[in-house]
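# A structural walkthrough
So the chains spell out like this:
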Amino acid sequence: MIQPQPSGTEPPQAFRSPGELLRHLGLTEAALAFALDPHPDFPFRVPRALADRMRHGDAKDPILRQVLPSLEERAADPLASTDPVGESQFAIGDGLIRKYPGRALIVTTGACAVHCRYCFRRHTDYGAVGLGRQLERAIEVLEGDATIHEVILSGGDPLSLAEHRLIDLIQALGDIAHLTTLRLHSRTVVADPERLGDPLIDALAASRLRIVLVTHVNHAAEIGPSAQTRLRALQNAGITLLNQSVLLGGVNDHVETLAELSTTLFENGVLPYYLHALDPVAGASHYRVTDLHALHIMQELRDRLPGYLIPRFVREVPGDDSKRPVEVGPTIATSTEHS
């Protein structure tokens, strides 16, 4: 049984076990509404910065729920997959994925600041992804394909790369004449915002490419003072800021929660972009929200918020040329979106 951490004990910069984190929060396993998995197949990692956004003594904290390995992950689900969005069929080697016309994605690293239990790449065999020569070969492929106009840096999390390596990559991409846009997807902005240093922001601002940073924020509580400072610096550097979330049962599947998230994002210069239906990730089915419930939430959001604060509710379907909107069905009354 996990016991509360004695006062005065300094926690690590990243928690590597649920027990460490629960002690930091003054919680025991007995306080949880579910049983922890003592031997999860997806490693546990939570940075101190994100842990400090969790409510002390609250076993139902929505951030905590996203990171604790539960025995629910072992439940059999015939609809779940270890490749839930079918990325493997679009991988062209050297960490490159060509899925949509005009765009290419670089899996820059397998490392990430936080291991979210619902991650659609939790089963990816990263191997040596993003190491040395492999990134160089990816650049060579991009240089030779003039049909590619936008490059997306993903992972893991691109901000997990050493800062100088990421800056070198940004500069190398800027030297490819036919590229126009660089997009980075990152959860680190809220999970460990101090990793987003001024030299990196300066390199993004100096690039000739249009820069888009897509943050991954699921709950307003994740946005603390440090993240606000970093988002303000990005905005001042002229970088377009968007957000994508995942609709997660027990975390953000309430209209009040999502309305607060959209409002908080906008207050910090970020536009809500996508709200994803949960991908059919093996081990994450306990987070699933039915489409009917989700569409009711989206209808209520339209009744409460202006249109620019309402994310597009989408699902990624393997083989589709774009994300598929989850539309209002005949059982849901149509609501007029505010202008």
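How each quantity is defined
- Residues numbered from 1 in each chain as written.
- Predicted model: local features only at pLDDT ≥ 70, side-chain atom pairs only at ≥ 80, totals over all residues.
- Heavy atoms only, no water.
- Phe/Tyr/Trp six-rings, centres within 6.5 Å; stacked < 30°, edge-to-face > 60°.
- Helix = DSSP H or I, 4+ residues; strand = E, 2+ residues; numbered from the N terminus.
- Buried < 20%, exposed > 50% of the residue type's maximum accessible area, 1.4 Å probe, protein only.
- Salt bridge = Lys/Arg side-chain N within 4 Å of Asp/Glu carboxyl O.
- Arc of directions from axis to C-beta.
- Contact = heavy atoms within 4.5 Å.
- Axes fitted to C-alpha atoms, helices over the stretch in contact; angles between N-to-C directions.
- Parallel < 35°, antiparallel > 145°, perpendicular 65-115°, else oblique.
- Left-handed = near helix turned anticlockwise from the far one by under 90°.
- Nonpolar A, V, L, I, M, F, W, Y, C, P; charged D, E, K, R; others polar.
- Expected span 1.5 Å × (residues − 1).

### Looking at the packing of aromatic side chains
For any two aromatic rings, the description comes down to two numbers: the centre-to-centre distance and the angle of the planes. Under the defined criterion, the tally for this structure stands at three aromatic pairs. Where phenylalanine 266 meets tyrosine 308, the ring centres are 5.3 Å apart and the plane angle is 50 degrees; that geometry is what we call tilted. Within this pair, whereas phenylalanine 266 is found in helix H9 (residues 255-267), its partner tyrosine 308 is found in the loop between helix H10 (291-304) and strand E11 (312-315), the two being separated by 42 residues in sequence. A relative accessible area of 40% places phenylalanine 266 in the partly exposed class.

### A word on the pattern of salt bridges
The tally for this structure, following the rule as stated, stands at 17 salt bridges. Where aspartate 58 meets arginine 55, a salt bridge forms, and the shortest distance between an N and an O atom there is 2.7 Å. With a relative accessible area of 42%, arginine 55 lands in the partly exposed category. As a salt-bridge pair, aspartate 291 and arginine 315 come within 2.7 Å of each other at their nearest N and O atoms. Separated by 24 residues along the polypeptide, aspartate 291 in helix H10 and arginine 315 in strand E11 bring together distant segments of the chain. Of the residues examined, aspartate 291 reaches a relative accessible area of 30% and is grouped as partly exposed.

### Regarding helix H7 (residues 198-206)
Along H7, the residues classified as buried are Leu200, Ile201, Ala203 and Leu204. Each buried residue of H7 lies within a common arc of 160 degrees when the element is viewed along its axis, so the set occupies one face. Those residues of H7 that are buried lie in contact with helix H5 (163-174), strand E7 (181-186), strand E8 (210-216) and helix H8 (225-236).

### Some remarks on the packing of H7 against H8
Between H7 and H8, whose axes approach to 10 Å, the crossing angle comes to 25 degrees. When the axis of H7 is compared with that of H8, the two are roughly parallel. The two elements H7 and H8 cross, and the hand of that crossing is right-handed. Here Asp198, Ile201 and Leu204 of H7 lie close against H8, whose contacting residues are Arg230, Ala233 and Leu234. Counted by class, the contact of H7 with H8 contains four nonpolar, no polar and two charged residues.

### Comments concerning H9
With 13 residues, H9 ought to run about 18 Å at 1.5 Å a step, and its terminal C-alpha atoms sit 18 Å apart, in line with that. Buried residues of H9: Val255, Thr257, Leu258, Ala259, Leu261, Ser262, Thr264 and Leu265, and no others. Just past H9, the residue glycine 269 takes up positive phi, approximately 80 degrees.

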